[in-house]
Amino acid sequence: MMNFRWMRPLALGIGLTATLIGGSALAQAPDLIIARGNEPVSMDPQFARTGNNQMTAAHVFERLAGVDENMRATQQLALAWKALSPLVWEVKLRPGVTFHDGSPFTAEDVVFSLQRPPTIPNSPASFAPSVAGIEKMEIIDPLTLKITSKTPDPLFVNEIGRVFIVSKKAAEGASNDQFNKGTATIGTGPYKFVDWTPGGQLNLVRYDGYWGKKAEFERVQLRFISNAASRVAALKAGDVQMIDLVPPNFVEELKKDANIQVAEADSLRLIYLALDSARDVSPFLTDIDGKPLTSNPLKDVRVRQALSKLIDRPRLIERVLTNAGTASGQMVPEGVFGYNPDLKPTAFDPEGAKKLLADAGWAKGFGITLHGSNDRFAQDSNVTQTIGQLFARGGLKVNGIQSLPYSVFAKAATAGEYSAFLFSYGSTTGEASAGLDSVLHTYDKEKGLGGNNRTRYSNPNFDLLLEQGMAEFDDEKREILLRFAAKAAFEDVGIIPLYWQKVAWATRKGFVYQGRRDEHTVAMNVSRQ
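The structure presented is a predicted model; accordingly, all values stated were derived computationally and were not measured. (Residues numbered from 1 in each chain as written. Predicted model: local features only at pLDDT ≥ 70, side-chain atom pairs only at ≥ 80, totals over all residues. Heavy atoms only, no water.)

Check the secondary structure of the chain and you find 16 helices and 24 strands. Computed over the C-alpha atoms, the radius of gyration of the chain is 25 Å, within 12% of the 24 Å expected from 2.2 N^0.38 for a compact globule of 529 residues. Overall size of the chain, expressed as C-alpha extent along the three principal axes, is 80 × 60 × 35 Å. When each of the 529 residues of the chain is scored for burial, the buried share is 54%. Contacts in the chain between residues far apart in sequence, at least 24 positions, make up 67% of those at least 6 positions apart. Carbon and sulfur atoms make up 50% of the accessible area of the chain, which totals about 22300 Å². (Helix = DSSP H or I, 4+ residues; strand = E, 2+ residues; numbered from the N terminus. Rg over C-alpha atoms; globule rule 2.2 N^0.38 Å. Buried < 20%, exposed > 50% of the residue type's maximum accessible area, 1.4 Å probe, protein only. Contact = heavy atoms within 4.5 Å. Areas by Shrake-Rupley, 256 points an atom, 1.4 Å probe, with all protein chains shown as cover.)

Put into structure tokens, the structure is as follows:
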């Protein structure tokens, strides 16, 4: 392990900087400095499956399966996998791969890595669910595994393939502190760990023994700057070559700067309005005089359709998000497995909405309170406010709009305390089934279905189609079933899809970033122009 580190090159920007380490001087600055808006909580790649941790780990570690630009599974450390039966999978590993300490990558490392997540203490977002379906693993030879699942699952390898592979030699018995200091941070990825200063920066150096395409930059520094204005200022000053999480209100300004380029990507994060359509009585619904209702209008699909028609998605995206979004009519955008081309965003139609409300017996409208977060995603509070204004113009009585810190709001939303609330879901599996299951399937704790169905929406026809799709091993048939399932849920307005969040990065002239739908910021996607 290399025993040096780079210090922040202050006023020298990207020029040379001398760093004294134990009496010796390193006269080389990083070739690429990226200012990130969030920071990992650990260098252990399996400690948390949150985005900030995963995008950091991806520099040093790899998985069995990678993803392409549409989040569909691709080969990484696994060259191939096939189902020998509905329960048994054969996984062929990539030959010639070595860890950063020179030791060979083998099936033993995979078995160890897939057994490890449930044993990690205090994980805030465990990878344990990704490996929960494993019944047993058998090593056939150093590069071949036979893995048995507990139940038939066509996406079984995709799921276990999301777990980062660590070196058994380096990680066995290692503590979180040993990962953070680098003694256990030994991966197969394109970069090697040098050092990490929490609240400051992470330094990486290119791994010249990498099996794949060599990284373009020899020395990379990820600098953590949580304040958006400070990140923009650092980019403009030339102190960093790239920033992420560019706020929508800065995008147009940066696009006009001749020394800066902006990269954008439609993410897989769906922003949607959840409606309490399951209960007979809902806590934040009233008549037009403010008296609590003894019946729930949201149970009527015509009312849900009407609310969707009252939302002017194009104008909301243009005015509130500064065009940092794409109107949605379903769970995943075009190009992602399971996308249904027949499901278009609901058109803004106030007159049509009024007719639907009248047909449902609510011609005079009813009272509603909207809830949302104020610190979860770009402009979340303003989006909730705007929807409230649109509902009021459409004839509803908006009794209140409450925007709360996400930690408070999410807990209450999960507890079923709201009638209508703004939420988001970011797909990470590269297909529609995970989001459809998590957000819309009838809640079933024992089967692990509908885990994020906070309104307890239930549609038996949709459930049946989705479950058939999730159990189908033929890709073509599975996609058809998922499209039918999506149609059943969204025509029934299980949730009101609003838009897919658009994310932006900015680089100095001479550097280009290839935006990613998973919203991740990685040095491997940066190139010199």
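Still more ground to cover, so stick around.
What follows is about the side chain of Arg517. Checked against the element boundaries, Arg517 lands in the loop between β23 (511–513) and β24 (526–528). Lacking a salt bridge, the buried Arg517 has Asp266 as its closest oppositely charged neighbour, with an N-O distance of 5.0 Å. Within the local environment of Arg517, its side chain forms a polar contact with the backbone oxygen of Glu334, the two atoms lying 3.0 Å apart. (Lys, Arg positive; Asp, Glu negative; His and termini not counted. Salt bridge = Lys/Arg side-chain N within 4 Å of Asp/Glu carboxyl O. Polar contact = N/O pair within 3.5 Å; in protein donor to acceptor, adjacent residues only side chain to side chain.)

Another aspect to go through is the pairing of strand β12 (residues 191–197). Within β12, five of the seven residues are buried, which leaves it mostly tucked inside the rest of the structure. Strand direction decides the pairing type here: β12 and strand β13 (residues 201–206), joined by six bridges, are antiparallel. Within β13, the position partnered with Tyr191 by the bridge is Arg206. The hairpin turn running from β12 into β13, its antiparallel successor, is three residues long, and Gly199 in that turn takes a positive phi close to 80 degrees. (Pairing = 2+ DSSP bridges.)

Let us look at the packing of helix α7 (residues 228–237) against helix α8 (residues 248–255). In contact at an axis separation of 11 Å, α7 and α8 are set at 15 degrees when each is read in the N-to-C sense. With respect to each other, α7 and α8 are oriented roughly parallel. Here α7 and α8 pass one another in a crossing that is right-handed. Of α8, the residues touching α7 (which contributes Ala229, Val232 and Lys236) are Phe250, Glu253 and Leu254. (Axes fitted to C-alpha atoms, helices over the stretch in contact; angles between N-to-C directions. Parallel < 35°, antiparallel > 145°, perpendicular 65-115°, else oblique. Left-handed = near helix turned anticlockwise from the far one by under 90°.)

By size, the foremost hydrophobic cluster in this structure holds 60 residues, and its most contacted members are Leu114 and Ile147. Here this core gets five residues from one element, more than from any other, and that element is helix α2 (residues 107–115). Setting aside anything within four residues of it in sequence, one finds Leu114 in contact with Val131, Ile134, Met137, Ile147, Ile160 and Val163. (Core = buried A, V, L, I, M, F, W, Y, C linked by side-chain atoms within 4.5 Å.)

Once that is clear, we can look at unusual backbone geometry. Here Thr322, not a glycine, exhibits a phi torsion of approximately 50 degrees, which is positive. Accessibility expressed as a relative area gives 30% for Thr322, which makes it partly exposed. With phi around 55 degrees, Val493 is a residue other than glycine that occupies positive phi space. Inspection of the secondary structure assignment puts Val493 in the loop between α16 (475–491) and β22 (495–508).

To continue, consider the environment of Ala107. Inspection of the secondary structure assignment puts Ala107 in helix α2. With relative accessibility at 1%, the residue Ala107 sits in the buried group. The spatial distance from the C-alpha of Ala107 to the C-alpha of Tyr272 is 42 Å, given a sequence separation of 165 residues. Residues in contact with Ala107, not counting those within four places in the same chain, are Leu93, Ile139, Asp141, Pro142, Thr144 and Leu145.

Under the defined criterion, the tally for this structure stands at 15 aromatic pairs. Between the aromatic rings of Phe409 and Phe423, the centroid separation amounts to 5.5 Å while the plane-to-plane angle is 35 degrees, which identifies the pairing as tilted. Taken together, the positions of Phe409 in helix α13 (residues 406–414) and Phe423 in strand β21 (residues 420–426) put the pair 14 residues apart, joining distant regions of the chain. Take Phe409: its relative accessible area is 1%, and that puts it in the buried class. By relative accessible area, which is 5% here, Phe423 ends up buried. Judged by centre distance (5.1 Å) and plane angle (45 degrees), the rings of Trp505 and Tyr513 are tilted. Each member of the pair, Trp505 together with Tyr513, is buried. (Phe/Tyr/Trp six-rings, centres within 6.5 Å; stacked < 30°, edge-to-face > 60°.)

Counting buried positions over the eight residues of helix α14 (residues 433–440) gives seven, a clear majority of the element. When we look at burial in α14, the residues that qualify are Ser433, Gly435, Leu436, Asp437, Ser438, Val439 and Leu440. Next to the buried residues of α14 lie β16 (260–275), β21, α15 (460–471), α16 and β22.

Further remarks concern the packing of α14 against α16. One way to put it is that α14 packs onto α16 with a least axis distance of 11 Å and a crossing angle of 35 degrees. The chirality of how α14 crosses α16 is left-handed. Side by side, α14 and α16 meet where Ser433, Leu436 and Leu440 of the first sit next to Leu482, Ala486, Ala489 and Phe490 of the second. Considering only residue class, the contact of α14 with α16 consists of six nonpolar, one polar and no charged. (Nonpolar A, V, L, I, M, F, W, Y, C, P; charged D, E, K, R; others polar.)

As summarised here, the arrangement of the four strands in space is β7-β8-β10-β9, forming an open sheet in which the pairing is antiparallel. Because the sheet does not close on itself, it has two edges, and the strands there are β7 (78–83) and β9 (134–141). The average angle at which neighbouring strand axes cross in this sheet is 20 degrees, direction not considered. Running over the sheet, α2 touches β8 (88–93), β9 and β10 (144–149) and is turned about 170 degrees from β9.

Let's shift gears to the pattern of salt bridges. Per the counting criterion, the structure on display carries 25 salt bridges. Between Arg116 and Asp44 there is a salt bridge; the shortest N-O distance is 2.7 Å. Here Arg116 is found in the loop between α2 and α3 (128–131), whereas its partner Asp44 is found in the loop between β3 (32–36) and α1 (51–57), with 72 residues between them in sequence. A single burial state applies to Arg116 and to Asp44, both of which are buried. One salt bridge in this structure joins Lys299 and Asp280, with 3.5 Å as the shortest N-O distance. Note that Lys299 is positioned in the loop between β17 (285–286) and α9 (301–309) and Asp280 in the loop between β16 and β17, a separation of 19 residues in sequence.

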